[in-house]
Amino acid sequence: MKEYNVIVVGGGAAGFFAAINIAEQNPQYKVAILERGKEVLGKVKVSGGGRCNVTHAEFVPQELVKYYPRGEKELLGPFHQFMTGDTMAWFGERGVELKIEEDGRMFPVSDSSQTIIDCFLFEAKKHNVDVLTNQGVKTISKRDEAWEIETNHDNFKAEQLLVATGSSPKIWKLLEGLGHSISQPVPSLFTFNIKDNRLKDIPGVVAQNVEVKVLGTDLYSEGPLLVTHWGLSAPAILKLSAFGALELAKRDYKFEVEVNFVKQATADVLEQLKQVKLDSAKKTVFKFPQFDLPKRLWQQLVLASEMTEDSRWGDINRNQLEGLAGQLTQAVFKVDGKSTFKEEFVTAGGVDLKEINFKTFESKLHKNLYLAGEVINIDAVTGGFNFQNAWTGAYIVSKAISSKA
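As a convention, each chain's residues are numbered from 1 in the sequence order in which they are written. With the structure being a predicted model, the display of local features is reserved for residues of pLDDT at least 70 and the display and counting of side-chain atom pairs for 80 or more, all residues being used for whole-chain, interface and lining totals. Hydrogens and waters are ignored; side-chain quantities use all the structure's heavy atoms.

Trainee: Hey, could you go over the overall build of the chain for me, with residue numbers and the actual values?
Mentor: Strands are runs of DSSP state E lasting at least 2 residues, helices are runs of H or I lasting at least 4, and numbering of each runs from the N terminus. Along the chain, the regular secondary structure elements total 14 helices and 21 strands. Seen along its three principal axes, the alpha-carbon backbone of the chain occupies a region of about 85 × 40 × 35 Å. Exposure categories follow from relative accessible area, calculated using a 1.4 Å probe and restricted to protein chains: below 20% of the type maximum is buried, above 50% is exposed, and the middle band is partly exposed. Burial status across the chain gives 55% buried among its 405 residues. A contact between two residues is defined here by any heavy atoms of the two lying within 4.5 Å. Long-range pairs, those at least 24 residues apart, make up 73% of the contacts in the chain between residues at least 6 apart in sequence. Where the 48 positive side-chain charges of the chain centre and where its 51 negative ones centre are 2 Å apart. Positive: Lys, Arg. Negative: Asp, Glu. His and the chain ends are not part of the count. Charge placement uses NZ in Lys and CZ in Arg. For Asp and Glu, CG and CD serve respectively.

Spelled out as structure tokens, the structure:
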């Protein structure tokens, strides 16, 4: 039986951040990270296309929480304790400078996730954290105020236990065995599969600022929209998939979306098109894009409005004009299925939020059991927010454990 003061199950972002801070605050503590795989920090490595999207430049807790479909209410207090600025300072003090990109995402200046991994491995070694790989946890039990953990290789004992395994069905099962409720996991952050002639030949086209609604629901988002080989993606869609994770799972990912490509009312667009018809009568509609739309997208919407490549503005009738206004502002697409967004797969689900004390991230059911990161039912839209949740939870756990030293 290997004995430690603190054992962290999970060698990912939250696990490392907590272990390093605990060991730094309590040099007398023996701290270990148990990771089931051969490598640690796998998700950190692939995040942000290998650049690691560390956090997001939103510095007001009340605004930051709005990016969390699950956890908005619960994270307000924690973000007052450890916030984006604290994350920047923490990495800065350890020689990792972060930069803010135009869309608010923050990356290491090196543009490499390896910088973050190297920082964590260096800090773990410096503070004598034992990083143990190939340790798949089989059982978690409590005996005489201590936690006992059995893995496929060893047995461990610790006074304090942090579970930071991300979305792990196996670990959720073990936590259920300890009496915790698990919110049924469903995918979040996915793109929409759509077969539609309007999109078929224009993958790679981006409409910079659109509105998207899921018909028959209150789900709505806005932002950039990307046409892909399989349908629609980019922030406008990913936000919808995160906030609609439960609803869209219920519908088995078969639903309709309405896209307003120009973010204007249909009647206003119709008036503008009538004016173009008067001013540009001899020009062909197909070759004369309006509303700053990408040319290829405009052309597909023109063809969908029962016009040809040769139709001139002066010759089109009222029905065609109304059809084009409708395509621009109320284009309906049938979604049939989803695709995972890159490697940054996020799951909505996990330990029920009512069973966690968010002042400490300690379980309300078991003393000295802590939970941080995506193992609990918190998830965010894309852009560095899931990592910020990991850093905040892990840091608060480190302070709570240190206060018991």
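Trainee: Break down the sheet that holds strand β5 (residues 105–108) for me, with residues and values.
Mentor: Strand pairing follows a simple DSSP-based rule, namely that at least 2 bridges must link the two strands. Strands sit in the order β3-β5-β4 across an open sheet of three strands; the sheet is antiparallel. In this open sheet, the two strands that pair with only one neighbour each are β3 (55–56) and β4 (98–100). Here β3 runs beside β5; their pairing, made up of two bridges, is antiparallel. Within the sheet, the bridge partner assigned to histidine 56 lies in β5 and is arginine 105.

Trainee: Outline the environment of proline 61, listing residues and values.
Mentor: With respect to the helices and strands, the residue proline 61 is situated in helix α3 (residues 61–64). Accessibility expressed as a relative area gives 11% for proline 61, which makes it buried. Spatially, the C-alpha atoms of proline 61 and valine 44 are 24 Å apart, while their sequence positions differ by 17 residues. Those residues in contact with proline 61 that lie beyond four places of it in its chain are Leu76, Phe79, His80 and Met83.

Trainee: Go over the packing of helix α2 (residues 42–50) against helix α6 (residues 113–126) with me, naming the residues and quoting the values.
Mentor: Any two packed helices are characterised by the angle at which their axes cross and by the distance between the axes. A fitted line through C-alpha atoms serves as each axis, taken over the contacting stretch for helices, and the angle formed by two N-to-C directions is quoted from 0 to 180°. Relative orientation of the contacting elements α2 and α6 amounts to 155°, with a least axis distance of 8 Å. As the angle between them shows, α2 and α6 are arranged roughly antiparallel. In the packing of α2 onto α6, the handedness of the crossing is right-handed. Listed contacts from α6 to Val44, Lys45 and Gly50 of α2 are Ser113, Gln114, Ile116 and Ile117. In this scheme, roughly parallel covers angles under 35 degrees and roughly antiparallel covers those over 145, while 65 to 115 is roughly perpendicular and the rest are oblique. Left-handed is the label given to a crossing in which the near helix is rotated counterclockwise from the far helix by less than a right angle, and right-handed is the label when the rotation is clockwise.

Trainee: Any details on the packing of helix α11 (residues 266–279) against helix α13 (residues 318–329)? Residues and values, ideally.
Mentor: Relative to each other, α11 and α13 sit at 130°, their axes nearing to 9 Å. By the angle class used here, α11 and α13 are oblique. Seen along the crossing, α11 lies across α13 with a hand that is right-handed. Between α11 and α13, the residues in contact are Thr266, Val269, Leu270, Leu273, Lys274 and Lys277 and Arg318, Leu321, Glu322, Leu324, Ala325, Gly326, Leu328 and Thr329, respectively. Amino acids outside the nonpolar list (Ala, Val, Leu, Ile, Met, Phe, Trp, Tyr, Cys, Pro) and the charged list (Asp, Glu, Lys, Arg) are all regarded as polar, and Gly is one of them. Tallied by class, residues from the contact of α11 with α13 come to seven nonpolar, three polar and four charged.

Trainee: Please provide a residue-by-residue account of the state of the cysteines, values included.
Mentor: Count a disulfide wherever a pair of cysteine sulfur atoms falls within 2.5 Å. With the rule as written, the count across this model stands at zero disulfides. Just so you know, cysteine 52 is unpaired, no disulfide at all, and the nearest cysteine sulfur is the one on cysteine 119, 11 Å from it. Using a relative accessible area of 0% as the deciding quantity, one classes cysteine 52 as buried. The exposure class assigned to cysteine 119 is buried, which follows from its relative accessible area of 7%.

Trainee: Account for the nonpolar core, with residues named and values stated.
Mentor: One broad rule of soluble globular proteins: the nonpolar side chains tend to lie buried together. With 86 residues, the main nonpolar core has Ile7, Phe91, Phe120 and Ile376 as its most contacted residues. The biggest single contributor to this core is helix α14 (residues 385–403), with ten residues. Residues within four places of isoleucine 7 in sequence aside, it is in contact with Ala32, Leu34, Ile149, Phe156, Lys157, Ala158, Gln160, Leu161 and Leu162. Core analysis: the second largest hydrophobic core is formed by 44 residues, Leu199, Val210, Leu293 and Ala331 among them. Definition of nonpolar core: a set of buried residues of the types Ala, Val, Leu, Ile, Met, Phe, Trp, Tyr and Cys, connected through side-chain atoms within 4.5 Å.

Honestly, it's all geometry; don't read function into it.
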